[in-house]
Amino acid sequence: MHSDFIITGMYLVLMFAAGLFFSKNIKNTADYFLAARSAPWFWIMGSIWATNIGFLHGYLAHGGAAYEWGLIQANFEWFQGPFGYILSGIFFIAFYWRSGIFTVPQFLERRYGTGLSTVYSFAWLIIFVVTIAAELYLGAMFLKNILHIPFWPTLFVLAGVVGTYTLMGGLGAAIMMEFVQFVIMMIGTMPLLFILLHFVGGFAGIKNVLLTQWAVSPQYFTVLPDIHHPYGPGPWIILGQCLVVTLGWCAGHQSMVQRNLGARSLYDAKLGYVAAAIPKTLGAFLYIVPMIAAPIVFSQLGIFVEKSDAAYGKLILHLLPQGMLGLFIAGLLSAGLSSISSVLNSSSTMVIKDFYERFLAKGKSDHHYFIAGRIATFGIIAASILLVPIVLKVYLIMWLEQTLLAMVLGPFMGVLLLAIFWRRANTPGSLAGFLTGAAFAIFIQQVLGIKIFFQISWWSFVVTFLVTIVVSLLTAPPKKEKIEGLTWESDFEAMVGEIAEKRAEKTAAKVREIPQRTITRPPWYLNLKYWATAILLVQIVLLFFFG
Amino acid sequence: MEEKKGADPKLIVAIQMLSIGIILLTLGIAVLILSPLRTMASFLRLNSLLSTGGIILVGLAFAIGGYLRLKRVKKK
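Residues numbered from 1 in each chain as written. Chains lettered and ligands numbered in written order. Predicted model: local features only at pLDDT ≥ 70, side-chain atom pairs only at ≥ 80, totals over all residues.

### Some remarks on the overall build of chain A
Here's step 1: Within chain A one finds 24 helices and 0 strands.
Here's step 2: For chain A, the spread of C-alpha atoms along the three principal axes comes to 70 × 50 × 50 Å.
Here's step 3: Residues counted as buried form 56% of the 547 residues belonging to chain A.
Here's step 4: The long-range share in chain A, meaning contacts at least 24 apart out of those at least 6 apart in sequence, stands at 83%. (Helix = DSSP H or I, 4+ residues; strand = E, 2+ residues; numbered from the N terminus. Buried ≥ 20, exposed ≤ 12 C-beta atoms within 10 Å, placed from the backbone. Contact = placed C-beta atoms within 7 Å.)

Here it is as structure tokens:
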């Protein structure tokens, strides 16, 4: 245990020092909020995956759900995640790039005006602060249980480390640390799978024990179960979760999108997003498949697990030797810290770009906004720490996060799809659609008693879509010059092909004043279409065997 | 308003690569030194060596790559 403590401490010190060292090179808001637009595609790949995996959405919560419900939890990794990454990478990112924005609400503002973007920013800021508080709480709780160290000092150390490197280095430091965390999670925590499979006699061994000896339902080994499944009915996973929630998350979550906006070219942004589907698929082998074997291990070792969220921690604590346990703690901390830093950086960007610069301090110098960004980062981490005592009631926080996400993601997908694919969608229509969709999400949850998150998202998406169309048709169409370059163009090839990329680079360069680069055809092994096709084929094979 | 000139993107990537390499290398070596490899069961030892070795190798590659890039950027 002593050596594990040293490894964990050393890891935190290294991150702190590297963040401070990196911050010396940050000079203006583009450096701070968009990492000087320097990130190559593999940075984006690692960073997006690490952003997506946290304590809430990864090892502890997803692993815990897999322990309880089985392979259905892998639908995030083997079906919807890669689908969302590839679709967002190929279609949506180009629109954000072309409009030369810092935040997703800025795109909504250019397309629909201030009203909707302000509502959207505000909703996400609440979700972000709640998420940071929940991640800090889970991280400190995890270290307390494993290393037996006090809760509050641990929480302050975690907040101090992640807060310092994000506050000082901005997106560049966050991306850098996320890549470190990506490597540690991918290489450092993968051995658990092999150790467990060795312990229980392979995947066939797990199936044999659970299906024949324990008489577990065969649905425990299905990624897309039938419609009567109490946790995740298959058709609803496809409709609500995949088409609305995951796609909305990938195309509308500021942390996910901001990493792409920090790319050195549009092609790097697109390829990075598509390539992130590879670690996403492998993620199931880090925390889903091991947790399916966990009940057998616990029963053989006589370990009692009171809460499914605690299952992963107990598993590594009882199975791994010293040193290796330290590396796993570093891996799990990586998951939490990467999520916190990305959300922290994104929320400060939104505070400055969507509120401060727009309403409070227009036309100030770039240096002014740069300093304000650092102050905003500090304010957000401080607000999140203050929220932790409330987060101590974890169920309340999970309920709040899920309710807010259901309120935001369904309506967002409704207005985003219409923004891009229907020129006639206008400001009054989008605002009426978004607010009605959000209100409808609350109504069906609170009054009709629908509790499944992705059913709520689906219906709020449908309502938003319809209301936006009706109100837009009843009011004046948007001016042509106002929406130029922000909507789908008739020529499909022009949009996704090289012509569009050249045009996008040109537009982005004008808006952001970055030097224009010559676009060269990428080598065959970096061809976006090959990567997307290969990844989709892997998903089909996985669904064929486990669907 | 006069704006500060931004950082050189190539310098940023070089520093990021070097920092990533140093962190991974240091962490990997620390885990290797602090792990009681002799007392581990052989399967655990193999897994521990593979994962730690992998992290050290990636760290080494990034540290060397970052150092070379940094030298090249500073020369210009």
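### A short note on unusual backbone geometry
Residue and element names in this part refer to chain A.
Here's step 1: In this structure, H148 is a non-glycine residue whose phi angle is positive, near 55°.
Here's step 2: Mapped onto the elements of the fold, H148 is located in the loop between helix 7 (114-147) and helix 8 (151-188).
Here's step 3: Backbone geometry places A215, a non-glycine residue, at a positive phi of 50°.
Here's step 4: Note that A215 resides in the loop between helix 10 (202-213) and helix 11 (234-252).
Here's step 5: Take A215: there are 7 C-beta atoms within 10 Å of it, and that puts it in the exposed class.

### Observations concerning the interface of chain A and chain B
Here's step 1: Every contact between the two is made by 44 residues of chain A and, on the other side, 34 residues of chain B.
Here's step 2: Looking at the side of chain A that touches chain B, the elements with two or more residues in it are helix 1 (2-23), helix 2 (29-34), helix 8, helix 9 (191-200), helix 17 (324-360) and helix 18 (366-391) of chain A.
Here's step 3: Take the side of chain A that touches chain B: its biggest share by element is 9 residues, from helix 1 of chain A.
Here's step 4: Its residues assigned to classes, the side of chain A that touches chain B shows 27 nonpolar, 12 polar and 5 charged. (Nonpolar A, V, L, I, M, F, W, Y, C, P; charged D, E, K, R; others polar.)

### Structural notes on the nonpolar core
Here's step 1: Ranked by internal contacts, the top residues of the largest apolar core, which has 208 residues, are V183 of chain A together with L24 of chain B.
Here's step 2: Looking at which element gives the most residues to this core, the answer is helix 8 of chain A, with 20 residues.
Here's step 3: Excluding residues that lie within four positions of it along the chain, L24 of chain B makes contacts with V180 and V183 of chain A together with I55, V58, G59 and F62 of chain B. (Core = buried A, V, L, I, M, F, W, Y, C linked by C-beta atoms within 7 Å.)

### Description of the confidence of the model for chain A
Here's step 1: On average, chain A scores 84 in pLDDT, and the residues at 70 or more come to 92%.
Here's step 2: Ignoring residues within four places in sequence, the model shows residues 490-495 of chain A, a span with pLDDT below 50, making 7 contacts including any to other chains. (pLDDT = per-residue confidence, 0-100.)

### Re helix 12 (residues 254-261) of chain A
Here's step 1: Buried residues dominate helix 12 of chain A, accounting for 8 of its 8 residues.
Here's step 2: Along helix 12 of chain A, the residues that are buried comprise Q254, S255, M256, V257, Q258, R259, N260 and L261 of chain A.

### Side note on helix 24 (residues 528-546) of chain A
An α-helical turn contains 3.6 residues, so any two residues separated by three or four positions project in the same direction.
Residues and elements named next belong to chain A.
Here's step 1: Between the first and last C-alpha of helix 24 there are 27 Å, a value that for 19 residues agrees with the 27 Å anticipated at 1.5 Å per step.
Here's step 2: For helix 24, the set of buried residues is W531, A532, I535 and Q539. All buried residues of helix 24 lie within an arc of 95° about the axis, which places them on one face of the element. Away from its buried face by more than 90 degrees, helix 24 exposes K529, Y530, T533, A534, L537, I540, V541, F544 and F545.
Here's step 3: Close packing links the buried residues of helix 24 with helix 5 (75-98), helix 13 (266-275) and helix 14 (277-287). (Expected span 1.5 Å × (residues − 1). Arc of directions from axis to C-beta.)

### A word on the packing of helix 9 of chain A against helix 2 (residues 42-75) of chain B
Here's step 1: For the pair helix 9 of chain A and helix 2 of chain B, the least separation of the axes is 10 Å and the interaxial angle reads 165°. Here helix 2 of chain B runs roughly antiparallel to helix 9 of chain A, going by the angle between their axes. Once helix 9 of chain A is placed against helix 2 of chain B, the crossing between them reads as right-handed. Of the residues in helix 2 of chain B, those touching helix 9 of chain A at P191, F194, I195 and H198 of chain A are F43, L44, N47, L50 and S51 of chain B.
Here's step 2: Along the lines of polarity and charge, the residues of the contact of helix 9 of chain A with helix 2 of chain B split into 6 nonpolar, 3 polar and no charged. (Axes fitted to C-alpha atoms, helices over the stretch in contact; angles between N-to-C directions. Parallel < 35°, antiparallel > 145°, perpendicular 65-115°, else oblique. Left-handed = near helix turned anticlockwise from the far one by under 90°.)

### Some words on the packing of helix 5 of chain A against helix 14 of chain A
All names here are of chain A.
Here's step 1: As a packed pair, helix 5 and helix 14 sit with axes 9 Å apart at the nearest point and diverge in direction by 165°. By the angle class used here, helix 5 and helix 14 are roughly antiparallel. Seen from above, helix 5 lies across helix 14 with right-handed handedness. Residues E77, W78, G81, P82, Y85 and I86 of helix 5 form the contact with helix 14, whose participating residues are A277, K280, T281, G283 and A284.
Here's step 2: The residue makeup of the contact of helix 5 with helix 14, split by class, is 6 nonpolar, 3 polar and 2 charged.

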